[in-house]
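# Observations on the model geometry
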Amino acid sequence: MHPLDKFKYCPVCGSPHFEEHNAKSKHCTDCGFTYYFNPSSATVALIMNPKNELLVCRRGKNPAKGTLDLPGGFIDMYETGEEGVAREVREETGLETLRAEYLFSIPNLYEYSGFMVHTLDMFFRCTVADCSHIAAQDDVADSFWMPLSEIKPEEFGLMSIRQGITRFLEETNKPE
């Protein structure tokens, strides 16, 4: 099922004549409004400590409850990617982000309340003020430092995180 199939009525005028316009949009034949279905922006933080360990979290909620994850989440309205990743890091770990450097992005599907949300997950290398006091909060069950040599991408529950971890490890381990 295409995500637009869930949208039955025009969000502007309420008309039931809200029909498929193309693969990315629906159009209201009564008021002329066209709605384009675009991905939601999300962030992912890659935080290293001085021991060359990566900050890893354990998901406290579905989807993929109990699997490994990285700090991050949806960007709020009027927030930049850098502001969003810093807020998510603070909310989930209690750490204060000093710097967020954009690395790459990966499209993802994320189930939320029974609805498949298309996301664009933006990965940032984050520098934090003090990496010694981590406090798992919000939707994180646990957070801890893991040596890069022990990281197994298949233990991460979300597809984009597995792909991002794999890419990060490949780029980190490249000879210069």
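Structural data are supplied above this passage.
Here is a short report on the structure shown in this document. (Residues numbered from 1 in each chain as written. Predicted model: local features only at pLDDT ≥ 70, side-chain atom pairs only at ≥ 80, totals over all residues. Heavy atoms only, no water.)

Within the protein chain, the secondary structure is distributed over two helices and ten strands. Along its sequence from the N terminus, the protein chain presents helices and strands in the succession β-β-β-β-β-β-β-α-β-β-β-α. Dimensions of the protein chain, computed from C-alpha atoms along their principal axes, come out at roughly 60 × 30 × 30 Å. Put simply, the protein chain has 176 residues, and 39% of those count as buried. Once local pairs closer than 6 in sequence are excluded, the contacts in the protein chain between residues at least 24 apart make up 58%. (Helix = DSSP H or I, 4+ residues; strand = E, 2+ residues; numbered from the N terminus. Buried < 20%, exposed > 50% of the residue type's maximum accessible area, 1.4 Å probe, protein only. Contact = heavy atoms within 4.5 Å.)

Moving on to the packing of aromatic side chains. In total, this model carries five aromatic pairs according to the counting rule given. Relative to Phe-115, the ring of Phe-7 has its centre 6.4 Å away and its plane inclined at 85°; by these criteria the two rings are edge-to-face. Here Phe-7 is found in the segment before strand S1 (18-22), whereas its partner Phe-115 is found in strand S9 (residues 115-128), with 108 residues between them in sequence. Note on Phe-7: relative accessible area 30%, which makes it partly exposed. Taking the relative accessible area as the measure of exposure, Phe-115 reaches 21% and is therefore partly exposed. (Phe/Tyr/Trp six-rings, centres within 6.5 Å; stacked < 30°, edge-to-face > 60°.)

By secondary structure assignment, the location of Arg-59 is in strand S5 (residues 53-59). Look at Arg-59 and you get buried, because its relative accessible area is 9%. Within the local environment of Arg-59, its side chain forms a polar contact with the side chain of Asp-69, the two groups lying 2.5 Å apart. Setting aside residues no more than four positions away along its own chain, Arg-59 makes contact with Ala-64, Lys-65, Gly-66, Thr-67, Asp-69, Tyr-110, Asp-139, Ala-141 and Leu-158. (Polar contact = N/O pair within 3.5 Å; in protein donor to acceptor, adjacent residues only side chain to side chain.)

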